[in-house]
Amino acid sequence: MTEMQDKTGTVLVLGATGGIGGAVARGLHLRGWTVRALNRDTAKASRRATAFEWIQGDAMNTADVMTAAEGAAVIIHAVNPPGYRDWGKLVLPMLDNTIAAAKAVGACIVLPGTVYNFGPDAFPVLDEDAPQNPGTEKGAIRKEIEARLKAACEAGVRVIILRAGDFFGPDAANNWFSQGLVKPGKPLTAISYPGKNGTAHQWAYLPDVAETMIRLIERAESLPPFAVYHMRGFFDDDGTKMIAAIRRAVRHPNLKVKRFPWWLVTVASPFVPFFKELREMRYLWREPLEMRNDRLIATLGEEPQTAIDDAVAATLASLDCLPAAIRGPIAAPLRREA
């Protein structure tokens, strides 16, 4: 592994314009790391984050990733195909390029993981070593991602995987909160909830996920070669707690809750790939799920956790979903925190 002085060094971030990749990159930069980011359009990307060293290239191109990784102690693999198009076809070749680069330069690979690689047989209480028996196409690919990283570890590459529940937060793209529960761009008139009362669900506030990843990276040399952790995040133990937090944030205790239109997803899934994926993941809303973070606590001493009311208010502010009367006073302090 490339030497790191004072627990900093050079980190290559693949997916630095995305939600989790960007949050980790910004956090590491504030900690004193040199952040290098690979992007197909560096002129556009550099306007969003001027402090990073932007490298022109494509994560699908082995040579580009190899070049960008030179001298890096850590590679954050948080990249997805543009617009998630052809995700199933492209995600594994991109990972293979990251693994090849990590082997070449001696870098540690850090992956933001999900629960998609687990089936209902591993629920309701999910620990890091539970059997992975996914029943969906995306889950099978997620399982293969981790299997390839395990094989890379056996070949000498250090790996850190942090699994978390459904993301929400400022800049968290393609997530259930902003695409399912609420309608961005205007004050809320209702909440559309995909689950049901009594069914537990796991959420993860993106800035907390990023901070947790950073703390693990800072301890990378003392972690096991293949280090896998779960975040507890925000555990909604009965499917009503996130709804209540949204109602408090908008100061509307009786804000209407509607059922998510699963029927529409079912009808449209043969024609719309995104809806097909949603339908496949419905089991995560039907089955109770609780992620234990005992291993993470034993390693870090604590899990970074923003108060749920603050996290939800900041998320809604970023989505322009707060009423005009309260938008200013809530959004300002939370933007500084995030």
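Because the structure is a prediction, the values reported are computed rather than measured.

A. Here's a closer look at the pattern of salt bridges. This structure, assessed with the given rule, holds 18 salt bridges. For Asp129, the salt bridge identified is with Arg295, shortest N-O distance 2.7 Å. Taken together, the residues Asp129 in the loop between strand S6 (125–126) and helix H5 (137–154) and Arg295 in helix H12 (residues 294–300) connect sequence positions 166 residues apart. You can call Asp129 exposed: its relative accessible area is 59%. As a salt-bridge pair, Asp238 and Lys241 come within 3.2 Å of each other at their nearest N and O atoms. Assessed through its relative accessible area of 25%, Asp238 is described here as partly exposed.

B. Spotlight on the side chain of Glu146. Looking at the element boundaries, Glu146 is found in helix H5. In this structure the side chain of Glu146 is engaged in a polar contact, spanning 2.7 Å, whose partner is the side chain of Arg163. Among all residues touching Glu146, those that are not within four sequence positions of it are Asn117, Gln132, Ile161, Arg163 and Phe226.

C. Here's a closer look at the side chain of Ser178. Structurally, Ser178 can be placed in helix H6 (residues 176–181). What Ser178 contacts, discounting residues up to four positions off in sequence, is Ala172, Pro184 and Leu319.

D. Main features of a nonpolar patch on the surface. Residues Trp263, Leu264 and Val267 make up a contiguous nonpolar surface patch of about 340 Å² in total accessible area. Secondary-structure assignment places Leu264 in helix H9 (residues 262–268).

E. Expanded view of a positive patch on the surface. Judged by side-chain charge, Lys183, Lys186, Lys256 and Lys258 come together as a positively charged surface patch. In this structure, Lys186 sits in the loop between H6 and strand S9 (190–193).

F. Structural detail: the confidence of the model for the protein chain. In this model, the protein chain carries a mean pLDDT of 91, and residues with pLDDT of at least 70 account for 93%. Here residues 1–6 is modelled with pLDDT under 50, and outside its nearest four sequence neighbours on either side it reaches 15 contacts, counting other chains as well. Here residues 329–338 is a poorly scored stretch, pLDDT under 50, and it has 11 contacts once near neighbours within four places are set aside; other chains count.

G. Structural context of the sheet that holds strand S12 (residues 234–236). The strand order across the open sheet formed by 3 strands is S8-S10-S12, and the pairing between neighbours is mixed. Each edge of the open sheet carries a strand with a single partner, namely strand S8 (166–168) and S12. Geometrically, the sheet is characterised by an average inter-axis angle of 30 degrees between neighbouring strands, direction not taken into account. Across 3 bridges, S8 lies against strand S10 (residues 201–205) in parallel orientation. Within S10, the position partnered with Phe167 by the bridge is Ala204. The strands touched by helix H7 (residues 206–218) are S8 and S10; relative to S10, the strand with the most contacts, the crossing angle is about 70 degrees.

H. Structural context of the nonpolar core. Val24 and Ile76 are the most contacted members of the largest nonpolar core, which has 40 residues in total. No other element matches H7, which puts 7 residues into this core. In contact with Ile76, not counting residues within four places along its chain, are Val11, Leu12, Val13, Leu14, Val24, Val110 and Ile217. Judged by nonpolar contacts, the second largest core, of 34 residues, contains Val182, Tyr193, Val250 and Leu322.

I. Main features of unusual backbone geometry. That bond from Phe123 to Pro124 is cis: its omega, 5 degrees, falls within 30 degrees of zero. With respect to the secondary-structure elements, Pro124 resides in the loop between strand S5 (108–113) and S6. Although it is not a glycine, Asp171 sits at a positive phi angle of roughly 70 degrees. Residue position: Asp171 is located in the loop between S8 and H6. Its identity is not glycine, yet Arg251 carries a phi of approximately 55 degrees, on the positive side. As for its position among the elements, Arg251 is in the loop between helix H8 (241–249) and strand S13 (256–259).

J. Main features of H7. Taking 1.5 Å of rise per residue, the 13 residues of H7 would be expected to cover 18 Å, and the 18 Å separating its terminal C-alpha atoms lies within 8% of that figure. Of all 13 residues that make up H7, 11 are buried, and the element is covered over most of its length. The complete set of buried residues in H7 reads Leu206, Asp208, Val209, Ala210, Glu211, Thr212, Met213, Ile214, Arg215, Leu216 and Ile217.

K. The arrangement of the sheet that holds strand S4 (residues 74–77) in detail. Strand order in the open sheet formed by 7 strands is S3-S2-S1-S4-S5-S7-S11, and the pairing between neighbours is parallel. Of all the strands in the sheet, the pair left with one neighbour each is strand S3 (53–56) and strand S11 (226–230). This sheet shows a mean twist of 20 degrees between the axes of neighbouring strands, independent of strand direction. Here strand S2 (residues 34–39) runs beside S3; their pairing, made up of 4 bridges, is parallel. Within S3, the residue paired with Arg36 across the bridge is Glu53. Helix-sheet contacts for helix H4 (residues 87–105) involve strand S1 (10–14), S4 and S5, and the interaxial angle to S4 is about 175 degrees.

What counts, and where the lines are drawn
- Residues numbered from 1 in each chain as written.
- Predicted model: local features only at pLDDT ≥ 70, side-chain atom pairs only at ≥ 80, totals over all residues.
- Heavy atoms only, no water.
- Salt bridge = Lys/Arg side-chain N within 4 Å of Asp/Glu carboxyl O.
- Helix = DSSP H or I, 4+ residues; strand = E, 2+ residues; numbered from the N terminus.
- Buried < 20%, exposed > 50% of the residue type's maximum accessible area, 1.4 Å probe, protein only.
- Polar contact = N/O pair within 3.5 Å; in protein donor to acceptor, adjacent residues only side chain to side chain.
- Contact = heavy atoms within 4.5 Å.
- Patch = residues over 30% accessible without salt bridge, like charges linked within 9 Å, V, L, I, M, F, W, Y side chains within 5 Å.
- Areas by Shrake-Rupley, 256 points an atom, 1.4 Å probe, with all protein chains shown as cover.
- Lys, Arg positive; Asp, Glu negative; His and termini not counted.
- Charge placed at Lys NZ, Arg CZ, Asp CG, Glu CD.
- pLDDT = per-residue confidence, 0-100.
- Pairing = 2+ DSSP bridges.
- Axes fitted to C-alpha atoms, helices over the stretch in contact; angles between N-to-C directions.
- Core = buried A, V, L, I, M, F, W, Y, C linked by side-chain atoms within 4.5 Å.
- Expected span 1.5 Å × (residues − 1).

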